[in-house]
Amino acid sequence: MRYQVLRFGLASLYIAVSACGGEPGDKESDRRDAPPDTPDPGEATFAPDEPTELWFVEFEGAPAARGGSRAMGLLDVDREIFRRAAAERGLRYRQRLSFGTLWNGISLRVARDGAASLADMPGVKAVYPVLPIELEFTRAAAALEPDLAVASAMSGADVVRQQLGVTGEDIRVGVIDSGVDYHHPDLGGCFGPGCRVAFGYDFVGDDFVSGDASAQPVPDSDPDDCLGHGTHVAGIIGANGIVQGVAPDVTFGAYRVFGCRGGSRADLLLKAMERAADDGMHVVNISIGTPFQWPSYPTATAANELVARGVVVVASIGNSGERGLWAAGAPGVGDAVIGTASVDNSRVTRPSFIITPGDAAIGYTRAVGSPPAPPSGSAPAARTGAPTSARDACAALPARSLAGAIALIRRGGCPFHVKAAHAQAAGAVGVVLYNDRAGTMDPSVVGGDPITIPVVGISQADGERIHARLDAGPVTLRWTDRAVAAESRTAGLVSDFSSHGPSAALTFKPDIAAPGGAIYSTIPLELGGYDTYNGTSMAAPHVAGSVALLLGARPELSAPRVRDVLQNSAVPAPWSGDPRSGVLEGTHRQGAGVIRVDRSIRATTVITPGKLSLGESEAGPVARTLTLENASGSDVTYDLSHAPAACATGDHWAPQSAATGAAQVELSAPSVTVPARGSATVSVTVRASDALADGGLFGGYLVFTPRGSAADGVLRVPYAGFKGDYQSVPVLAPSGPGAPWLGKLSGTRMVRQPGGATYTLESGDLPYVMVHLDHGAERLILDVVEAATARPWGRALTLSRVGQSASVTAAARYGWKGRTIRDGAPTLVPDGAYRIELRVLRALGDPDNPAHWETWTSPVVTLDRP
């Protein structure tokens, strides 16, 4: 395989419908009864420059996991009905993949002008775009000695292995990712029966690129990894060597959905889920996904079905923390999926250099965009300013003033790249950047001309220490291959990059948190064997490995019950706004808290449901009933209390976290006694606070403290809710580009047409509606009406549960090629003057309530075909 180092952390979604090639998939449709001389639309061909789109088409029938029967041919009937209807309507498409086990439908490539008619085909339940999945590699400071053990201590996995002797033996864990380097000795060194990596499949091949119109998957049976992401994930779950994973004796299934250059598609992910189910996995880890998705997206619903079949599904919740609320991704938003947030590791290990005299070792962070520092070699240190310099090295330095030296430069006044470029031009052979404030930093020298010398970042204290040494005389800096350990200043806090919940359907997400910041694990041998990465991609496998330990210790637990048990025993992280205040981080950020699998294994009581999604508070207080089940041989009495968590207010793209505005909670009793091998119930009523602004998110924890037991017997149930009327949240709020607006392509540039425009409908000359969704839409509709009379000419597009735009400036484009569905039939709209009416139904809105709809009408669109 070819190997290429990429930057990634968790899959990130680019919400734009893009052209993509027509990759062949497996075909379940029976075409023997096709009418004579009628070309099968499922085998349509497209010109190289013809605009096409990729779509999921979900059929009405249930998948096999919920009673659909392949033996009875019901799933094939769905496809045959669709195929015949497509032929009758002249819809040209090429089928990519067919699904029936976990989700009933197909993915297909269709000409852009035909996409509008998909939702109106007989037997079609819904259509969804086949979204791209890209890996954005976030590499932490390179670590040279294992710190995964520290993260295992945070989750309690070390206690389970060392004191309980549970290691994950006989548990199968599927890894749907970029593959696994099964040659790695820490992962068993081989592939196939009797190996640690015993199952697997490559769904794409080395050369697959999701956005390349000419690329086609070339599946094979070898799931080797050429990116590193999947191998890193597998190592966290169960490496057993230099690195020891959470459950070092699990058996792996490796399901590769990325080529060597990165990029995948959601339909490939769904296909891999079906293969994992067929291979008998007990747990499936999915550290990839697409942000801002509804729980109804196909990968999320398929994951739900996987859980219904007895497989625990763990998925990363996403790395879109900087994009604000509602960013949780699919499949992590699935109702039965364990969507995982990230907390920072409690210890980080950093590569180091040594300064002499004194032989003091100083840990550093390699700057993004810089070549790595060598493992050996030395040079004199030279400073370019003083510890008080406000613009150190922001101006050009004298020629050759740093020849052969390693420059010591203070942060501030200009970008890191400028400082490094000036030092490089002055002859420096390396740069040490030090902070201008307390703590460490993670510099980047990306931008402008490449930096070709090593650039590293150190703390303010270490920088000032080198200055002091220079005051006393010459200092030599020697690069080493040694690592130094340091406590993380954000240890145990929710990682900045971790996506915020809840889902657009107001379901409670994320579900739980685990270490994901600065995690050292395996990578392919060809890429170095070990490295440290950041991401919820790294948090999810901590949970997946913990699930393997839990199932090993408590095999009686059902897949749906596993999440309840883990959530009950989780320990909430402190509020990042002020970790010493005693306030807990919001549940929309951490879910139930940080996983403690040792407590989950020892717990004899389980509380269901394990979380409470309270929805919107417009109707007043929300009442729920909790059931406690005691599996022990003794009665247990719990004292009940409430622990509020931080709230979220303000602009959802940049929410403010506040310790005020906590909900009021009323419990039916101050305590509850659960009889031995019996159950009891508790009622709770939650009222949103008047002090919290409408549109804010509130949350907290219902706490059950056992009398006469250790603190690790405390159980919790988290809750989350929305203050006010959820249908007051606008969807068509003005965006950076001012969408919605009517557009026209000029070359590759979309040009706004505020006064209307004329379109030929040829060679890409189509009317485009540019749409920014400031929140998830329950429904999105494009209707066409005559400009002069408003006479309806049919529906150009209908989409259900459309995800929020990827950023405040992002917009999707919807093109119209002059066809609609009118009175249930495909209609060619004649030349003339029209307007396009965009209508969106707000999230969870009532389609019969006009107040829940937003509308926009385009300028005049004139069709003038040649």
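Residues numbered from 1 in each chain as written. Predicted model: local features only at pLDDT ≥ 70, side-chain atom pairs only at ≥ 80, totals over all residues. Heavy atoms only, no water.

Time to look at unusual backbone geometry. Here the amide bond leading from Gly 501 into Pro 502 is cis, since omega sits at -10°, within 30 degrees of zero. Tracing the chain through its elements places Pro 502 in the loop between strand S21 (476–487) and strand S22 (512–517). Cis peptide bonds are those with omega within 30 degrees of zero, and the linkage from Lys 509 to Pro 510 qualifies with -5°. Tracing the sequence through the fold places Pro 510 in the loop between S21 and S22. Backbone geometry at Asp 170 places phi at a positive 75°, although glycine is not the residue there. Inspection of the secondary structure puts Asp 170 in the loop between helix H3 (157–164) and strand S7 (172–177). The phi dihedral of Ala 518 falls on the positive side, at around 65°, and the residue is not glycine. One can find Ala 518 in the loop between S22 and strand S23 (519–522). (Helix = DSSP H or I, 4+ residues; strand = E, 2+ residues; numbered from the N terminus.)

Structurally, Asp 564 can be placed in helix H10 (residues 559–569). In this structure Asp 564 is buried but unpaired, with Arg 561 as the nearest side chain of opposite charge at 4.1 Å. Not counting chain neighbours up to four residues away, the residues in contact with Asp 564 comprise Val 606, Ile 607, Thr 608, Pro 609 and Gly 610. (Buried < 20%, exposed > 50% of the residue type's maximum accessible area, 1.4 Å probe, protein only. Lys, Arg positive; Asp, Glu negative; His and termini not counted. Salt bridge = Lys/Arg side-chain N within 4 Å of Asp/Glu carboxyl O. Contact = heavy atoms within 4.5 Å.)

Glancing now at the packing of aromatic side chains. Scanning all chains against the criterion turns up 19 aromatic pairs. Between Phe 292 and Trp 653, the ring centres sit 6.2 Å apart and the planes meet at 55°, which makes this aromatic pair tilted. Here Trp 653 lies in the loop between strand S29 (647–649) and strand S30 (656–658) and Phe 292 lies in the loop between strand S11 (283–286) and helix H6 (298–308), a separation of 361 residues in the sequence. For Phe 292, a relative accessible area of 2% translates into the label buried. Judged by centre distance (5.9 Å) and plane angle (85°), the rings of Phe 353 and Trp 479 are edge-to-face. (Phe/Tyr/Trp six-rings, centres within 6.5 Å; stacked < 30°, edge-to-face > 60°.)

Summarising the element assignment, Asp 392 is placed in the loop between strand S17 (378–383) and strand S18 (406–410). The exposure class of Asp 392 is buried, given its relative accessible area of 3%. Filtering out sequence-adjacent residues up to four positions away, Asp 392 remains in contact with Thr 384, Gly 385, Leu 408, Ile 409, Arg 410, Gly 412 and Lys 419. Engagement of the side chain of Asp 392 in a polar contact is seen with the side chain of Thr 384, the distance being 2.7 Å. From its side chain, Asp 392 meets the backbone nitrogen of Arg 410 in a polar contact 2.8 Å long. (Polar contact = N/O pair within 3.5 Å; in protein donor to acceptor, adjacent residues only side chain to side chain.)

What follows is about the state of the cysteines. In the structure shown here, the tally under the stated rule is 3 disulfides. Here Cys 190 is linked by a disulfide to Cys 195, with a sulfur-sulfur distance of 2.1 Å. On the S-S bond that ties Cys 190 to Cys 195, the torsion sits near -120°, and the link is left-handed. Taking the relative accessible area as the measure of exposure, Cys 195 reaches 14% and is therefore buried. With cysteine numbering restricted to those in disulfides and following the sequence, the chain has the pairing 1-2, 3-4, 5-6. (Disulfide = S-S within 2.5 Å.)

A few words on the confidence of the model for the chain. Caution applies to low-pLDDT parts of the model: their predicted coordinates are not meant to be read in detail. Overall, the prediction assigns the chain a mean pLDDT of 89, with 89% of residues at 70 or greater. Low pLDDT, under 50, characterises residues 1–39; the stretch is placed with 145 contacts to residues that sit more than four places away or in other chains. Taken together, the stretch residues 141–146 has pLDDT below 50 and engages in 25 contacts with residues farther than four places along the chain or on a different chain. (pLDDT = per-residue confidence, 0-100.)

A few words now on the sheet that holds S22. Strands in a sheet are paired, the pairing made by backbone hydrogen bonds, and the direction either parallel or antiparallel. Overall, parallel pairing links the 7 strands, which are arranged S8-S9-S7-S11-S12-S13-S22 in an open sheet. Whereas interior strands pair on both sides, the edge strands pair on one side only; in this sheet they are strand S8 (197–202) and S22. The average angle at which neighbouring strand axes cross in this sheet is 25°, direction not considered. With 4 bridges connecting them, S11 and strand S12 (residues 312–316) associate as parallel partners. Its bridge partner lying in S12, Ile 286 is registered against Ala 315. Against the sheet, helix H4 (residues 229–238) contacts S7, strand S9 (251–256) and S11, and its axis sits at roughly 155° relative to S7. (Pairing = 2+ DSSP bridges. Axes fitted to C-alpha atoms, helices over the stretch in contact; angles between N-to-C directions.)

It is at 8 Å that the axes of H4 and helix H9 (residues 536–553) come closest, and there the two elements cross at 35°. H9 is crossed by H4, and the crossing has right-handed handedness. In this structure, H4 uses His 229, His 232, Val 233, Ile 236 and Ile 237 to contact H9, whose residues at the interface are Ser 537, Met 538, Pro 541, His 542, Ala 544 and Gly 545. Of the residues in the contact of H4 with H9, the class split is 6 nonpolar, 5 polar and no charged. (Left-handed = near helix turned anticlockwise from the far one by under 90°. Nonpolar A, V, L, I, M, F, W, Y, C, P; charged D, E, K, R; others polar.)

A separate point is the pairing of strand S3 (residues 93–99). Buried residues dominate S3, accounting for 7 of its 7 residues. As paired strands, S3 and strand S4 (residues 105–111) are joined by 6 bridges and run antiparallel to one another. Across the sheet, Leu 97 pairs through a bridge with Ser 107, a residue of S4.

Under the defined criterion, the tally for this structure stands at 26 salt bridges. Measuring nitrogen to oxygen at the nearest pair gives 2.6 Å for the salt bridge that ties Arg 96 to Asp 267. Placement of the pair is Arg 96 in strand S3 and Asp 267 in helix H5 (residues 266–278), with a sequence separation of 171 residues. Each member of the pair, Arg 96 as well as Asp 267, carries the same accessibility label: buried. Look at the salt bridges and you will find they share partners, linking Lys 509, Asp 511, Arg 563 and Lys 611 into a network.

Time to look at the sheet that holds strand S42 (residues 812–815). Ordered in space as S37-S36-S39-S42, the 4 strands form an open sheet in which the pairing is antiparallel. Each end of this open sheet is capped by a strand with a single partner; those strands are strand S37 (749–752) and S42. Going across the sheet, the axis of each strand differs from the next one's by a mean of 40°, ignoring polarity. Where strand S36 (residues 741–746) lies against strand S39 (residues 768–771), 3 bridges are found, and the strand directions are antiparallel. By the bridge assignment for S39, Trp 741 is matched with Met 770.

Contact geometry for H9 and H10: axes closest at 11 Å, N-to-C directions at 105°. Classified by the angle between their axes, H9 and H10 sit roughly perpendicular to one another. Residue-level contacts link Val 543, Val 547, Leu 550 and Leu 551 of H9 to Val 562, Val 565 and Leu 566 of H10. Here the contact of H9 with H10 is composed, by residue class, of 7 nonpolar, no polar and no charged. (Parallel < 35°, antiparallel > 145°, perpendicular 65-115°, else oblique.)

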